[in-house]
Amino acid sequence: MRTTTRSAAALVLAALTSCALTAAPATAAPSAPGSTRAEGEWSFVDDYWNRSECEDAGKRGQEVGAWKRYLCSEGWLDWDLYVIY
């Protein structure tokens, strides 16, 4: 019984991981924390509950010169902000 439970848990974890990986936009390639970013590479900044919050944050960052471009991508439960520095 115990191995069946572990197998089911592993299957659920694999399915959730697959969903999380496919939810990211095709143009966005988040860099690993602590790694150096190449010019023009999309980087994940934060997530927001709705699109308007994401758009507002993206515009504010662009206005103050924090990044050059932004992209709000619909995630599974929220909106993800990606930027190019």
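Because the structure is a prediction, the values reported are computed rather than measured.

(A) Inspection of the state of the cysteines at higher detail. For the structure shown, the criterion picks out one disulfide. Residue Cys54 pairs covalently with Cys72 via a disulfide, S to S 2.2 Å. As the torsion about the S-S bond is roughly -105°, the Cys54-Cys72 disulfide counts as left-handed. Taken together, the positions of Cys54 in helix H2 (residues 51-63) and Cys72 in strand S2 (residues 69-74) put the pair 18 residues apart, joining distant regions of the chain. For the pair shown, Cys54 and Cys72 are each scored as buried.

(B) Structural view of the sheet that holds strand S1 (residues 43-48). The strand order across the open sheet built from three strands is S1-S3-S2, with neighbouring strands paired in antiparallel fashion. Since the sheet does not close on itself, it has two edges, and those belong to S1 and S2, each with one partner. Averaged over all adjacent pairs, the angle separating strand axes in this sheet is 25°, with direction ignored. As paired strands, S1 and strand S3 (residues 79-84) are joined by five bridges and run antiparallel to one another. Across the sheet, residue Asp46 finds its bridge partner in S3, namely Leu81. Of the strands in this sheet, S1, S2 and S3 are in contact with H2, which crosses S2 at around 170°.

(C) Seen up close, H2. For H2, built from 13 residues, the straight-helix expectation of 18 Å at 1.5 Å per residue is met to within 8% by its first-to-last C-alpha distance of 18 Å. If you follow the buried residues of H2, they end up packed against S1, S2 and S3.

(D) Focus on the environment of Phe44. Along the chain, the position of Phe44 falls in strand S1. Spatially, the C-alpha atoms of Phe44 and Cys72 are 10.0 Å apart, while their sequence positions differ by 28 residues.

(E) Molecular detail of the pairing of S2. With six bridges connecting them, S2 and S3 associate as antiparallel partners. Bridge pairing in S3 places Tyr70 opposite Val83. A loop of four residues connects S2 with S3, the two strands running antiparallel in sequence.

Cut-offs used in this document
- Residues numbered from 1 in each chain as written.
- Predicted model: local features only at pLDDT ≥ 70, side-chain atom pairs only at ≥ 80, totals over all residues.
- Heavy atoms only, no water.
- Disulfide = S-S within 2.5 Å.
- Helix = DSSP H or I, 4+ residues; strand = E, 2+ residues; numbered from the N terminus.
- Buried < 20%, exposed > 50% of the residue type's maximum accessible area, 1.4 Å probe, protein only.
- Pairing = 2+ DSSP bridges.
- Axes fitted to C-alpha atoms, helices over the stretch in contact; angles between N-to-C directions.
- Contact = heavy atoms within 4.5 Å.
- Expected span 1.5 Å × (residues − 1).

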